[in-house]
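Chain by chain, the residues run as shown.
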Amino acid sequence: MDDVFDLIEQAAQHGGAQSALALLVTISQRDKNYPLLFEARLMQARHKLGLPLIFNEPLEHVPQDERQPYEEAMKEAARETGGLYLAEGDILRAWPYFRAIGDSAPVADAIEKIESHDQLDGIIELAFGQGVNPRKGFELLLKHHGICRAITFFQQYPDPKSRDESALLLLRTLHAELVENLKRTILQNEGHGPDGNNVTELIRGRDWLFGDLDYYIDTAHLAAIIPLALDFTDREALQLALELCDYGAHLSPKFHYHSDPPFEDFYRDHAIYLKALMGCDTDAAIAHFREKVDASDPTTAGTVRHRFWCCF
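Residues numbered from 1 in each chain as written. Predicted model: local features only at pLDDT ≥ 70, side-chain atom pairs only at ≥ 80, totals over all residues. Heavy atoms only, no water.

J.: Where do I start with the pattern of salt bridges in this structure?
T.: Side chains carrying opposite charge are able to pair once their charged atoms draw close together. Following the criterion strictly, the structure yields 16 salt bridges and no others. With a shortest N-O distance of 2.6 Å, Glu264 and Lys292 are connected by a salt bridge. Within this pair, whereas Glu264 is found in the loop between α11 (235-250) and α12 (266-277), its partner Lys292 is found in helix α13 (residues 282-295), the two being separated by 28 residues in sequence. Of the residues examined, Glu264 reaches a relative accessible area of 31% and is grouped as partly exposed. The partner of Asp269 in a salt bridge is Lys292, with the nearest N and O atoms 3.2 Å apart. Remark: Lys292 occurs in helix α13 and Asp269 occurs in helix α12; sequence separation between them is 23 residues. By relative accessible area, which is 21% here, Lys292 ends up partly exposed. Connected through salt bridges with shared partners, the residues Glu112, Glu115, Arg135, Lys136, Glu139, Lys143 and Glu165 form a single ionic network. (Salt bridge = Lys/Arg side-chain N within 4 Å of Asp/Glu carboxyl O. Helix = DSSP H or I, 4+ residues; strand = E, 2+ residues; numbered from the N terminus. Buried < 20%, exposed > 50% of the residue type's maximum accessible area, 1.4 Å probe, protein only.)

J.: It is not clear to me how the packing of helix α8 (residues 160-190) against α11 should be interpreted in this structure. Could you clarify?
T.: One can describe the packing of α8 onto α11 by two numbers: an axis separation of 10 Å at closest approach and a directional angle of 45°. Classified by the angle between their axes, α8 and α11 sit oblique to one another. The way α8 lies across α11 gives a crossing that is left-handed. Across the interface between the two elements, Leu168, Leu171, Arg172, Leu174, His175 and Leu178 of α8 pack against Glu236, Ala237, Leu240, Ala241, Glu243, Leu244 and Tyr247 of α11. Of the residues in the contact of α8 with α11, the class split is 9 nonpolar, 1 polar and 3 charged. (Axes fitted to C-alpha atoms, helices over the stretch in contact; angles between N-to-C directions. Parallel < 35°, antiparallel > 145°, perpendicular 65-115°, else oblique. Left-handed = near helix turned anticlockwise from the far one by under 90°. Contact = heavy atoms within 4.5 Å. Nonpolar A, V, L, I, M, F, W, Y, C, P; charged D, E, K, R; others polar.)

This is how it looks when you write it as structure tokens:
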């Protein structure tokens, strides 16, 4: 370190501050000392603008004529420093520089490319918790920490724009887990694995799958994810949710949930609603839920009554 200071001092003696700062930039780049590089770039900007080399005051204290060019120099230095950290895969150390200039796009793009990382939990918090790339953050959370934790985080989902996409990811993940577990059980009992991934087809004619205590995915996950599909418009997604309802309806009564109106019979009522969203048996669905509305007590279910009367 003493040698470095000697070199910088020599550069200052022979070429002035500009030469010394250029050498400081070169040394910080060579040593990958990016915080020092950031400060060196700022000192270069201050020297060019005639400001003190050591300047720790807020931007508002910079003279009006120099404020805009100094701010641009700060942004450029932050982009350079953050970009160098990103190039090395250090997303967490890159983020403060991009956050300081209000530019989250480079960090969001870097997170998008991640499948695994030694800073994974911090990246998930940055992506999901701080909203830099919530959809990808949720995808990583689901992949590496499982459905249970993902459902908990989903309840505080920060980004309405990508919420539906993440809800669909939850649905598809749970459906795939159910298919895998059903196929494995069928193979063990029948000696051959069935084709296809349609849950309704897999369980058809196989009542032996559903004993008093038999289940193939966590029923709490099932109860949490099926209602998310009520906001879907994608027919494929609605079909997956309907298959989950069919599976749930075959479970022992021990695993049947009693929900709030109008879905008291959880699996059956959701199935009727989902079919209507798909354009199937809509008249029957309207009659089914209208009957519920008419039979409800306005003093205890007034808001529910009003909402579903508007829907049907």
